[in-house]
Amino acid sequence: LVKQIDVTDDSIGGIYIAENGKAIASYWGENGQYFKNMNLETGELSEEYHIPGNSYSYSIYAGYGYDLLLDGNNALYGYNLGDEELTEIMNYIDSDLDASGVYDITGISDTEFYANFYSYSDERTCYAKFTKVDPKDVKDKKVLVLGCAYTDWDVRRQVVQFNKESDEYRIQIKDYSIYNTEDDYNQAYTQLNMDIVSGKVPDILMLNASLPVDSYLAKGLFEDLYPYIDADEEIDRSDLLESVLETFSTDGKLYQLVPTFSVLTVAGKTSNVGTAEGWTLDELNALMETKGEGTEVFFDTIRDTVLSYCMQMSSEQFINWETGECSFDSDGFIKLLEFIKQFPEEYDESRYDDESFWQNYDSMYRDDRALLSIMYLNNFSAYNRMEKGTFGEAITLVGFPSDNRKGSALDYNLNFAISSKSANKDGAWQFLKYFLTYEYQKDAYGFPTNKKRYEELKQEAMQKPYYFDENDQKVEYDESYWIGEVEVIIPPMTEEEIQRVEDFIFSVDQTVNYNENLLNIIKEEADGFFAGQKSAKEVAGIIQSRVKIYVNENR
């Protein structure tokens with residue numbers, strides 16, 4: 001112990017000693033992490049500084065060459081108190097580091113530091129000395145930019161591997177999450193969208209539901225991937241699920257590369273909803289009239305949730321992005337508003353204090369106290385558990401009620417596109433095609449688009465789950481569902497059940513559409529009806545006008 005300093009401010013989270021002996025204290029405030037200079041003689045704090053951007057994104061260490069070193073998801077930054085921007089010291093991906101970050105950082109010079117990191121490829125923690133390499137000693141390659149609103153760790157690992165193996169190309173990830181702040185966590189999407197519509201499209205885009213993909217497709221911003229698949233000697237269309245490719249195609253062209261997928265749908269007892277995979281709101285309302293008081297359509301669900309899922313699963317009944325035509329002033333949408341109004345605006349927290357609520361929780365669908373369950377069908381086991389566990393009898397994936405009887409939609413876990421303006425489209429394809437291979441999809445989440453892996457999952461679903469013990473012996477076990485203290489054994493699926501799920505999956509021909517701007521327009525105007533200030537017809541007319549303008553401005 002060299003010295004003890006008494007500090008009256010108990011909000012201090014840490015003290016960092018920079019290379020020149022300067023002491024910096026950190027503490028948390030209303031808008032993230034702040035810093036103050038500390039007088040080591042008196043313990044007094046002076047001035048106040050805030051890291052640019054989102055301070056929650058960084059781990060902080062004492063600096064060398066800078067006051068502080070900041071470890072982010074993709075890079076190590078230097079920061080001097082008062083700077084308006086961070087200075088990137090080391091980009092992990094550009095340095096071929098297969099890790100999510102470094103920690104326990106000790107700077108020893110402007111170009112060297114020691115740190116720990118977890119190597120995914122080696123599956124172990126490593127301690128290493130990092131030394132900056134002169135750029136002239138690095139082999140020149142064609143650089144492709146992969147733009148994303150956040151970095152997916154699996155994609156990151158593939159980028160590092162590709163960069164190590166390719167002699168011609170190098171991929172750089174531009175993670176737009178650096179634009180997020182404590183006040184606005186959507187700045188990543190805002191900035192990425194601004195770059196795209198202004199023509200500064202990255203070579204490769206990682207798409208997600210918060211981006212207006214329909215608008216991008218209508219503007220012709222993406223490259224058709226079918227010619228690349230057809231010309232590739234390692235991948236063939238016949239290796240992939242044709243119906244899924246067709247669903248994610250537009251006018252016979254494949255602008256989106258989706259390695260794995262799930263289906264967003266609504267499940268109900270076949271004895272209640274029938275066998276048809278699709279129904280209308282009138283049919284749902286007629287079913288509810290046959291049920292007693294207290295029966296819920298969707299268990300413990302509020303208006304915003306129902307509206308959001310409706311738009312995700314069945315918005316195509318109201319919007320044609322190709323022509324710009326909308327039908328939000330139709331009788332179908334007016335009925336939908338009236339249906340959604342029955343749900344509460346907020347959750348009833350008091351019901352969670354009722355002991356009977358939890359006692360009957362596991363049997364609510366079996367007892368018809370809740371009729372429908374919104375579900376993500378991402379593997380065969382999810383269906384098996386829903387049918388034999390949650391509902392306890394045969395189910396139908398009927399989807400959200402809609403006039404066109406299309407209330408289920410394909411969703412994706414990863415979705416890529418190549419910019420039609422990219423100067424290195426062949427290089428982008430060389431990277432993306434790996435995601436369609438069996439090698440990648442055998443361990444990926446969701447239903448695979450690769451047929452070989454898909455067929456394996458069908459066979460696995462008809463077997464008991466298993467694991468390997470310490471002697472590398474296969475041990476089978478029963479999957480179960482608990483109703484209170486009663487265990488219900490869930491047997492493996494039969495060929496007939498597998499076929500029923502497959503027929504459903506291949507029948508879905510629309511994709512999930514989560515457009516936040518569109519949803520906000522509907523919510524803003526619908527509130528007038530929910531509050532009793534306007535009729536459903538009046539609100540529908542206003543929504544029709546606003547959405548039509550929005551769609552035609554963005555298609």
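Calculation rules
Residues numbered from 1 in each chain as written. Predicted model: local features only at pLDDT ≥ 70, side-chain atom pairs only at ≥ 80, totals over all residues. Heavy atoms only, no water. Helix = DSSP H or I, 4+ residues; strand = E, 2+ residues; numbered from the N terminus. Buried < 20%, exposed > 50% of the residue type's maximum accessible area, 1.4 Å probe, protein only. Contact = heavy atoms within 4.5 Å. Areas by Shrake-Rupley, 256 points an atom, 1.4 Å probe, with all protein chains shown as cover. Lys, Arg positive; Asp, Glu negative; His and termini not counted. Charge placed at Lys NZ, Arg CZ, Asp CG, Glu CD. Pairing = 2+ DSSP bridges. Axes fitted to C-alpha atoms, helices over the stretch in contact; angles between N-to-C directions. Expected span 1.5 Å × (residues − 1). Arc of directions from axis to C-beta. Patch = residues over 30% accessible without salt bridge, like charges linked within 9 Å, V, L, I, M, F, W, Y side chains within 5 Å. Salt bridge = Lys/Arg side-chain N within 4 Å of Asp/Glu carboxyl O. Phe/Tyr/Trp six-rings, centres within 6.5 Å; stacked < 30°, edge-to-face > 60°. Lys NZ or Arg CZ within 6 Å of the ring centre and 35° of its normal.

### Some words on the overall build of the chain
Move 1: A count of helices and strands for the chain gives 17 helices and 25 strands.
Move 2: Principal-axis analysis of the C-alpha atoms places the extent of the chain at approximately 80 × 60 × 60 Å.
Move 3: For the chain, the residues scored as buried account for 49% of the 555 residues in total.
Move 4: In the chain, once contacts between residues fewer than 6 apart in sequence are set aside, the share between residues at least 24 apart is 65%.
Move 5: Accessible surface, the chain as shown: approximately 27200 Å² in total, 44% of it carbon and sulfur.
Move 6: The average position of the 48 basic charges and that of the 103 acidic charges among the side chains of the chain differ by 4 Å.

### Section: the sheet that holds strand β12 (residues 142-148)
Move 1: Read from one edge to the other, the open sheet built from 4 strands follows the order β13-β12-β14-β20, with strand pairing classed as mixed. Looking at strand neighbours, the two that pair on one side only are β13 (169-175) and β20 (416-418), the edges of this open sheet. Going across the sheet, the axis of each strand differs from the next one's by a mean of 25°, ignoring polarity.
Move 2: Here 2 bridges tie β12 to strand β14 (residues 204-206), and the two strands are oriented parallel to one another. Its bridge partner being in β14, Gly-147 is matched across the sheet by Leu-205.
Move 3: Where helix α1 (residues 153-165) meets the sheet, it contacts β12, β13, β14 and β20, and its direction lies at approximately 155° from that of β13.

### A short note on helix α15 (residues 495-507)
The α-helix winds at 3.6 residues per turn, so residues separated by three or four positions along the chain end up facing the same way.
Move 1: Taking 1.5 Å per residue, 13 residues should reach 18 Å; α15 reaches 18 Å between its end C-alpha atoms and fits that length.
Move 2: Restricting attention to buried positions, one finds in α15 the residues Glu-497, Ile-498, Val-501, Glu-502, Phe-504 and Ile-505. Viewed along the axis of α15, the buried residues span an arc of 160°, placing them on a single side of the element. Opposite the buried face of α15, by more than 90 degrees, sit the exposed residues Glu-495 and Glu-496.
Move 3: If you follow the buried residues of α15, they end up packed against β15 (260-269), β17 (370-377), α11 (380-391), β18 (395-397), β21 (447-448) and α14 (451-461).

### Here's the deal with the sheet that holds strand β7 (residues 75-79)
Move 1: One open sheet holds the 4 strands; their spatial order is β5-β6-β7-β8, and the pairing between them is antiparallel. On the outer flanks of this sheet lie β5 (59-62) and β8 (87-91), each paired with one strand and no other. Each strand axis lies, on average, 30° off the axis of its neighbour in the sheet, ignoring direction.
Move 2: Both strand β6 (residues 68-71) and β7 contribute to a ladder of 4 bridges, which runs antiparallel. Bridge assignment links Leu-70 to a residue of β7, and that residue is Tyr-77.

### Digging into a negative patch on the surface
Move 1: On the surface, Asp-304, Glu-345, Glu-346, Asp-348, Glu-349, Asp-353, Asp-354, Glu-355 and Asp-527 cluster together to form a negatively charged patch.
Move 2: A residue is classified by how much of its surface remains accessible, and Glu-345, at 60% relative accessible area, is exposed.

### Details of the packing of aromatic side chains
Move 1: For the coordinates displayed, the defined rule picks out 38 aromatic pairs.
Move 2: Plain terms: the ring middles of Phe-113 and Phe-130 are 4.9 Å apart, the flat faces sit at 15° to each other, and that makes the pair stacked. In this pair, Phe-113 sits in strand β10 (residues 112-119) while Phe-130 sits in strand β11 (residues 124-131), placing the two residues 17 residues apart along the sequence.
Move 3: In this structure Phe-113 comes out as buried when scored by relative accessible area, which is 7%.
Move 4: Cluster of aromatic residues (ring-pair linked, three or more members): Phe-162, Phe-416, Phe-431, Tyr-434, Phe-435 and Tyr-440.
Move 5: Taking NZ or CZ as reference, Arg-237 lies 3.8 Å from the ring centre of Tyr-226, over its face.
Move 6: It is Lys-474 that lies over the ring of Tyr-466; its NZ or CZ is 4.2 Å from the centre.

### Quick notes on the environment of Tyr-77
Move 1: Within the fold, Tyr-77 resides in strand β7.
Move 2: Each C-alpha atom of the pair Tyr-77 and Ile-60 lies 9.8 Å from the other, and the pair is 17 residues apart in sequence.
Move 3: Sequence-distant contacts of Tyr-77, that is, excluding residues within four places in its chain, are made with Tyr-58, Leu-68, Leu-69, Leu-70, Leu-86, Thr-87, Glu-88, Ile-89 and Ile-178.

### What to know about unusual backbone geometry
For residues other than glycine, phi is negative in most cases, and the peptide bonds are mostly trans.
Move 1: Here the phi dihedral of Glu-123 falls at roughly 55°; this positive angle occurs in a residue that is not glycine.
Move 2: Position of Glu-123 among the secondary structure elements: in the loop between β10 and β11.
Move 3: Unusually for a residue other than glycine, Asp-472 sits at a positive phi of about 65°.
Move 4: Considering the arrangement of structural elements, one finds Asp-472 in the loop between β22 (466-468) and β23 (474-476).
Move 5: Looking at Asp-472, the relative accessible area reads 58%, which means it is exposed.

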